Amino acid sequence: MSNIVLAIPNRSASSQINAQLANFIHKVDEENMPDSDDYNLKVSFNYLQPVDANRNKMVKDFLKDEDNEWMLMVDNDVVPPGDILKMVDHGRKVVSGVVTIKKDGVPHPVITRKTDEGKFRRISLTEYQNEVDEEGLIEVDGAGTGCLLVHRSIFEEMSPPWFKFMYNEDGTLKLGEDFYFSQRLEEMGQPTYVSSEFVCSHYRKTDLTEFAQIVAEAENVKTKD
């Protein structure tokens, strides 16, 4: 049996998660996992601190219990597919689900490669589609932490802090805490994979007044039709 801790670090002082994620937590070990006896799931949640501190606190707590084998970090605005626990079956120590963000109105997976200058660049959809192997995996230089599965041996081998914001001399952000972790993995010689089999939903907050207006406009279009 694989012992998995589902860790949800908030990116703000708010303790809220979206309703879809709450529903996922309720059902992940039941309806969506017919062979759920193979997976033992615990849920961890942390907020109030900056997100890098939240992540580090969750890793420390995770390592205190020697029975904890895998940590599945999921951002509070991301909802994995119902069978996400099966991602451990890939047998890779660091593997991410597919999490997308919009760039110029087009969704792009949060997956990066290193340039010759050593900077992270987001890969294109064409690169992503062309490089997925027979197992449905693509090896990358960096992946976001929106839905990231990590084996405990990685955290044990890597000295803390595991996650850290890096800043330029003028105080502007140089590197996010997620790609700081990716950089540390690269220094260890530890490959990172993304599984095309597990595609996540990514929700953004919407003002309820704006949402009501969208619904009203849609209903108005239906009436005209």
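No experiment lies behind these values; they were computed from the predicted model shown.

Caption draft 1: Representation of the nonpolar core in the model. Ile4, Leu72, Ile84, Leu85, Met87 and Cys147 are the most contacted members of the largest nonpolar core, which totals 29 residues. At the level of elements, strand E1 (2-9), helix H1 (19-27), strand E2 (39-46), strand E3 (70-74), strand E4 (78-79), strand E12 (147-151), helix H5 (177-188) and strand E15 (192-199) are the ones that each hand at least two residues to this core. Ala7, Met58, Ile154 and Leu185 belong to the second-largest nonpolar core, a separate cluster that totals 17 residues.

Caption draft 2: Spatial organisation of the environment of Asn76. In this structure, Asn76 sits in the loop between E3 and E4. The spatial distance from the C-alpha of Asn76 to the C-alpha of Ile8 is 6.1 Å, given a sequence separation of 68 residues.

Caption draft 3: Summary view of the state of the cysteines. If you walk through the whole model with that rule in mind, you get 0 disulfides. With no disulfide of its own, Cys147 lies 3.7 Å from the sulfur of Cys200, the closest cysteine sulfur. Under the relative-accessibility criterion, Cys147 is labelled buried at 0%.

Caption draft 4: Inspection of the sheet that holds strand E8 (residues 111-114) at higher detail. The strand order across the open sheet built from 3 strands is E9-E8-E11, with neighbouring strands paired in antiparallel fashion. With partners counted over all chains shown, the strands left at the sheet margins are strand E9 (120-122) and strand E11 (142-143), one partner each. Pairing geometry for E8 and E11, over 2 bridges, is antiparallel. In the sheet register, Thr112 faces E11, and the bridge partner there is Gly142.

Caption draft 5: Fine view of the pattern of salt bridges. For the coordinates displayed, the defined rule picks out 10 salt bridges. Residues Arg55 and Glu177 are paired through a salt bridge, measuring 3.0 Å at the closest nitrogen-oxygen approach. Placement of Arg55 in helix H2 (residues 51-64) and of Glu177 in helix H5 is noted, with a sequence separation of 122 residues between them. We classify Arg55 as buried; its relative accessible area is 0%. Between Asp61 and Lys64 there is a salt bridge, and its shortest N-O distance comes to 3.4 Å. In this pair, Asp61 and Lys64 both sit in helix H2, 3 residues apart, roughly one turn of the helix. The class of Asp61 is partly exposed, set by a relative accessible area of 30%.

Caption draft 6: View of H2. Between its first and last C-alpha atoms H2 spans 20 Å; for 14 residues at 1.5 Å apiece the expected length is 20 Å, and the two agree. Buried within H2 are the following residues: Val51, Asp52, Asn54, Arg55, Asn56, Met58, Val59 and Phe62. Looking at the packing, one finds that the buried side of H2 touches E1, E2, E3, helix H4 (152-157) and H5.

Caption draft 7: Structural detail: the packing of aromatic side chains. For the structure on display, the rule yields 5 aromatic pairs. Ring centres of Phe165 and Tyr167 lie 6.4 Å apart, and the angle between their planes is 50°; on these two criteria the pair is classed as tilted. Taken together, the ring pairs in this structure connect Phe62, Phe155, Trp162, Phe163 and Phe181 into an aromatic cluster. One Lys or Arg, Arg55, reaches over the ring of Phe163 and ends 5.8 Å from the middle of that ring. One Lys or Arg, Arg92, reaches over the ring of Tyr193 and ends 4.6 Å from the middle of that ring.

Caption draft 8: Seen up close, H5. The terminal C-alpha atoms of H5, which comprises 12 residues, lie 17 Å apart, in line with the 16 Å expected from a rise of 1.5 Å per residue. All of the buried residues along H5 are Glu177, Asp178, Phe179, Tyr180, Phe181, Ser182, Arg184 and Leu185. Phi for Gly189, located one or two positions after H5, is positive at around 80°.

Caption draft 9: Highlighting the sheet that holds strand E5 (residues 94-98). The 7 strands lie next to each other as E2-E1-E3-E12-E5-E15-E10, forming an open sheet whose pairing is mixed. The open sheet terminates on both sides in strands that have one partner only, identified here as E2 and strand E10 (137-140). Between one strand and the next, the sheet's axes are offset by a mean angle of 25°, whatever the strand orientation. Both E5 and E12 contribute to a ladder of 3 bridges, which runs antiparallel. When the bridges of E12 are listed, Val94 appears paired with Val150. Lying on the sheet, H1 is in contact with E1, E2 and E3; it crosses E1 at an angle near 165°.

Conventions we followed
- Residues numbered from 1 in each chain as written.
- Predicted model: local features only at pLDDT ≥ 70, side-chain atom pairs only at ≥ 80, totals over all residues.
- Heavy atoms only, no water.
- Core = buried A, V, L, I, M, F, W, Y, C linked by side-chain atoms within 4.5 Å.
- Buried < 20%, exposed > 50% of the residue type's maximum accessible area, 1.4 Å probe, protein only.
- Helix = DSSP H or I, 4+ residues; strand = E, 2+ residues; numbered from the N terminus.
- Disulfide = S-S within 2.5 Å.
- Pairing = 2+ DSSP bridges.
- Salt bridge = Lys/Arg side-chain N within 4 Å of Asp/Glu carboxyl O.
- Expected span 1.5 Å × (residues − 1).
- Contact = heavy atoms within 4.5 Å.
- Phe/Tyr/Trp six-rings, centres within 6.5 Å; stacked < 30°, edge-to-face > 60°.
- Lys NZ or Arg CZ within 6 Å of the ring centre and 35° of its normal.
- Axes fitted to C-alpha atoms, helices over the stretch in contact; angles between N-to-C directions.

Read these as layout, nothing more, since geometry by itself doesn't imply function.
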